[in-house]
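An overview of the molecular structure
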Amino acid sequence: MSEIEKTDNDFCSKILKYPRIIDSLVILCEGIRGYLDIHSPEQIGELEYLPDANFWRQTIPYNSWDKRRPIFIPCGSRSDILRIYPKLIDLHHNNPSDSYLSPDKLFILIDLDIQCQDISNICPYYQTTEELYHAIYENNTIDTNIIDQSKIIITGWIHKEAYFLEPDLQYYLQNELYSTKITYKNNPLSLDSIYQDMIQDINNNADINKNLDNVLQRIEKFLSISIPDKNSLINECEKLHQNSTITPQEKRKLIEVILKIVKAKPYWEDEIIIEDDYLPENKAEDNVLLAIARFYAKSCNFSTQSNSTVYHIPQWVNFLYKKQKELNR
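So, here is what we can say about the structure in this document. This one's a predicted model, so the numbers in the text were calculated from it and none came from an experiment.

1. Things to note about the pairing of strand S3 (residues 106–110)
Where burial is concerned, most of S3 is hidden: five out of the five residues are buried. Covered by surrounding structure in S3 are Leu-106, Ile-108 and Ile-110 together with Phe-107 and Leu-109, the residues of both alternating faces. In this sheet, S3 lies alongside strand S1 (residues 26–29) in parallel orientation, the contact comprising three bridges. Counted as the bridge partner of Val-26 is Leu-106 from S3. Bridging between S3 and strand S4 (residues 152–154) involves three bridges; their strand directions are parallel. In the strand pairing of S4, Ile-110 is matched with Ile-154.

Encoded structure:
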């Protein structure tokens, strides 16, 4: 057994014996594998080092969830998650009496990313992450039947940080965080400025160049127009700032194009500065992420079992809510 296999086995054993997963949906997500080592209130502060799991957890509304909220467990990279999932299922079935896991309540949440990855070891219906993405996001309303079938939630934008740049957050953050100062390149936060810089990044982006066919197909399907090459892609995106007659719907579509293909993480981590008069730097950043998660949580509507199709995250959450109720009948 290789070192990686031994490490994975030990990690899976920890998950299977983790009491908090009893009767809960379990979502394997990206992030540092430290979540299962938090056992006491004194260790809760460690969650600041687990931003993926903590952020996704905060998008689940507290008040409406009548049973245990989903447990998000960071497993490393996207590749790690895709490797851990089948191993977890196998280990559970090998010794179910020594496992708290309910396999029908196990899902994974992965980034779309630029690179295409094989998922056939988990889902026989779709061979790659790109195929699954196109199936789930064929229409404005996410096809949750495919999530249920594949057990995979895949982000509709390139990765988690892209959801920090949701255009509606410009107004929301300005009004939600009165004592917080958010700047981009030493100027007050302007998401439009970030989108413009992201467009300029397309031309020299090595990942886009290496995966250009996937990128163009992704955008052609979304816009329902022909995008034969990278120059056509850039020209289409630049309409966001060049065309004064663009409608709000057209503007949003072009922003989504950018957020599907250009990595948002470097902009968020390297160019955006968050300061608060009453909080240290790391707490100020946590506070902004909490506000963003709250924005998505507030967009959920469990009473009608439907949500605005503008946002992806509330649609996933609504699906998980329905799934929890269905499995606990």
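2. Observations regarding the sheet that holds S1
With parallel pairing, four strands are arranged side by side in an open sheet as S2-S1-S3-S4. On the outer flanks of this sheet lie strand S2 (71–74) and S4, each paired with one strand and no other. The average angle at which neighbouring strand axes cross in this sheet is 25 degrees, direction not considered. Packing against the sheet, helix H3 (residues 78–94) makes contact with S1 and S3, and its axis sits at approximately 170 degrees to S3.

3. Details of the packing of aromatic side chains
Scanning all chains against the criterion turns up 13 aromatic pairs. A ring pair is formed by Phe-55 and Phe-164, whose centres lie 5.1 Å apart and whose planes are at 70 degrees; its orientation type is edge-to-face. Of the two residues, Phe-55 is situated in helix H2 (residues 51–58) and Phe-164 in the loop between S4 and helix H6 (169–176); the sequence distance between them amounts to 109 residues. Of the two residues, Phe-55 and Phe-164, both sit in the buried class. Through a chain of ring-to-ring contacts, three or more aromatic side chains come together here, namely Phe-55, Trp-56, Trp-157, Tyr-163, Phe-164, Tyr-172, Trp-268, Phe-295, Tyr-296, Tyr-311 and Trp-316. Arg-33 extends its terminal NZ or CZ atom over the ring of Phe-11, reaching a point 4.5 Å from the ring centre. Across the ring face of Phe-222, the terminal group of Lys-260 is positioned such that the distance to the ring centre comes to 4.5 Å.

What counts, and at which threshold
Residues numbered from 1 in each chain as written. Predicted model: local features only at pLDDT ≥ 70, side-chain atom pairs only at ≥ 80, totals over all residues. Heavy atoms only, no water. Buried < 20%, exposed > 50% of the residue type's maximum accessible area, 1.4 Å probe, protein only. Helix = DSSP H or I, 4+ residues; strand = E, 2+ residues; numbered from the N terminus. Pairing = 2+ DSSP bridges. Axes fitted to C-alpha atoms, helices over the stretch in contact; angles between N-to-C directions. Contact = heavy atoms within 4.5 Å. Phe/Tyr/Trp six-rings, centres within 6.5 Å; stacked < 30°, edge-to-face > 60°. Lys NZ or Arg CZ within 6 Å of the ring centre and 35° of its normal.

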